[in-house]
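Examination of the molecular architecture
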Amino acid sequence: MTYRKTWFSYVLWVIYTMLCIIFLVFAGNYVCISYLSDSFWSSSLSVPVENLAVQWFGFLTLPATVAVYWIIRGTAAKIRKKQHIGGERARKILECVIVLAFFTLGVFLRVMCALNYIQLQKTAENSAQNYVNGIEYFERAVVTAGGLVEPISYGGAYCYVGCLSFLLSFLGNKVASAVIFQVFLQVAGLVLAYGVTRKLAGRIPAGMILLYLSCSPAYLEMLKVLGPECFFFDLYLLIMLVAASYVKAYCGSRLTKVLSFAGALAAGGLIGMLAYLDLTAFTLLLVMTAVAVGKKKRLAGT
């Protein structure tokens, strides 16, 4: 998909640049705080690590990533020459290997953190305390004799509590069941985030997003928050994937006029339904602006 250089295009690039700078500042600050102190490791993962070891780990993360990249690239080039694998096929194979590695790492970290949080919650319950946050949502979702969920003014929270209550009816009214549900939501978020970024920006940004979400300390800590944040995040990414698929198909001239109208109506309806749960869903309309600023491909002979 290509874009016409209109005044709106420059506005989008300015906003995009500002958001990138803000994200890098906050992300860099959080990573430095997390790696240059042992507060994250000692409080969240309960792993005794010396300050010096944590500092070295933080400083060596970037050069280690660069070294691994060049090792994988060199190894892939040798395999390509030896097995006579074509360029596009080699890129797809390499992409599959890297994505599976990042995804496996993300699942492994979430399982380990979830087991740790469940154990800490059991210890806290013995002292009449709660280690996890958002316990009020769990209490609303607990299956009772009535079997009904109390109404909540926030639509996203009401849907989340309903889904959690349905899960608790099978796994039992335990905090561990709610933590397991958060693991499932985060794993689904990894898949959706990769799919959305892959469709909108390509394989390299998608891989970086997958790696960041898989290893993000802040995202891992959300496992002990039993609120609807991860639930809404998944719904947001799912609707964004639908909207992005429609925009790419429209700008690629793969839709007839009827399908274009029906697709726009369906995407708008889904965004509206999600906005009923949370008003931040209206930001998805920015994806739909590509219909106006995107340059449609001309079919041969037209």
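Scoring rules and cut-offs
- Residues numbered from 1 in each chain as written.
- Predicted model: local features only at pLDDT ≥ 70, side-chain atom pairs only at ≥ 80, totals over all residues.
- Heavy atoms only, no water.
- pLDDT = per-residue confidence, 0-100.
- Helix = DSSP H or I, 4+ residues; strand = E, 2+ residues; numbered from the N terminus.
- Contact = heavy atoms within 4.5 Å.
- Expected span 1.5 Å × (residues − 1).
- Buried < 20%, exposed > 50% of the residue type's maximum accessible area, 1.4 Å probe, protein only.
- Arc of directions from axis to C-beta.
- Axes fitted to C-alpha atoms, helices over the stretch in contact; angles between N-to-C directions.
- Parallel < 35°, antiparallel > 145°, perpendicular 65-115°, else oblique.
- Left-handed = near helix turned anticlockwise from the far one by under 90°.
- Nonpolar A, V, L, I, M, F, W, Y, C, P; charged D, E, K, R; others polar.
- Phe/Tyr/Trp six-rings, centres within 6.5 Å; stacked < 30°, edge-to-face > 60°.
- Patch = residues over 30% accessible without salt bridge, like charges linked within 9 Å, V, L, I, M, F, W, Y side chains within 5 Å.
- Areas by Shrake-Rupley, 256 points an atom, 1.4 Å probe, with all protein chains shown as cover.
- Salt bridge = Lys/Arg side-chain N within 4 Å of Asp/Glu carboxyl O.

For the chain, per-residue confidence averages 75 on the pLDDT scale, and 68% of positions sit at 70 or higher. When mean pLDDT is compared element by element in the chain, helix α7 (residues 175-200) scores highest at 91, while helix α2 (residues 39-45) scores lowest at 44. A low-confidence stretch, residues 38-51 (pLDDT under 50), is modelled with 26 contacts involving residues beyond four sequence positions or located in other chains.

Another point: helix α11 (residues 257-277). The end-to-end C-alpha distance of α11 is 31 Å, a good match for the 30 Å that 21 residues give at a rise of 1.5 Å each. Residues of α11 that are buried: S260, G263, A267, I271, L274, A275 and L277. For α11, the angular spread of the buried residues around the axis is 150°, confining them to a single face. Along α11, exposed side chains directed more than 90 degrees from the buried face belong to K257, V258, F261, L265, M273 and Y276. Buried residues in α11 make contact with α6 (155-171), α10 (229-251) and α12 (285-288).

Look at α7 against helix α8 (residues 203-215): their axes get within 8 Å of each other, and the N-to-C directions meet at 160°. On the basis of their axis angle, the class for α7 and α8 is roughly antiparallel. Our pair here, α7 against α8, has a crossing hand that is right-handed. Here α7 contributes L190, A193, Y194, T197 and R198 to the contact with α8, which in turn contributes R203, P205, A206, G207, I209, L210, L213 and S214. The class makeup of the residues in the contact of α7 with α8 is eight nonpolar, three polar and two charged.

Attention shifts here to the packing of aromatic side chains. The description of an aromatic ring pair uses the distance of the two centres, along with the angle that the planes make with each other. Here the structure, examined in full by the defined rule, presents six aromatic pairs. Between Y219 and F233, the ring centres sit 6.2 Å apart and the planes meet at 75°, which makes this aromatic pair edge-to-face. Of this pair, Y219 sits in helix α9 (residues 217-221) while F233 sits in helix α10, and the two are 14 residues apart along the sequence. Overall, Y219 belongs to the buried group, its relative accessible area being 10%. Looking at F233, the relative accessible area reads 27%, which means it is partly exposed. Look at F232 and Y236: their rings are 6.2 Å apart centre to centre, the planes differ by 45°, and that puts the pair in the tilted class. Of this pair, F232 and Y236 both sit in helix α10, four residues apart, which is roughly one turn of that helix. Under the relative-accessibility criterion, F232 is labelled buried at 12%.

Moving on, we get to a nonpolar patch on the surface. A surface patch of nonpolar side chains, about 460 Å² in accessible area, is lined by L105, F108, V111, M112 and L115. If you trace the backbone, V111 turns up in helix α4 (residues 87-126).

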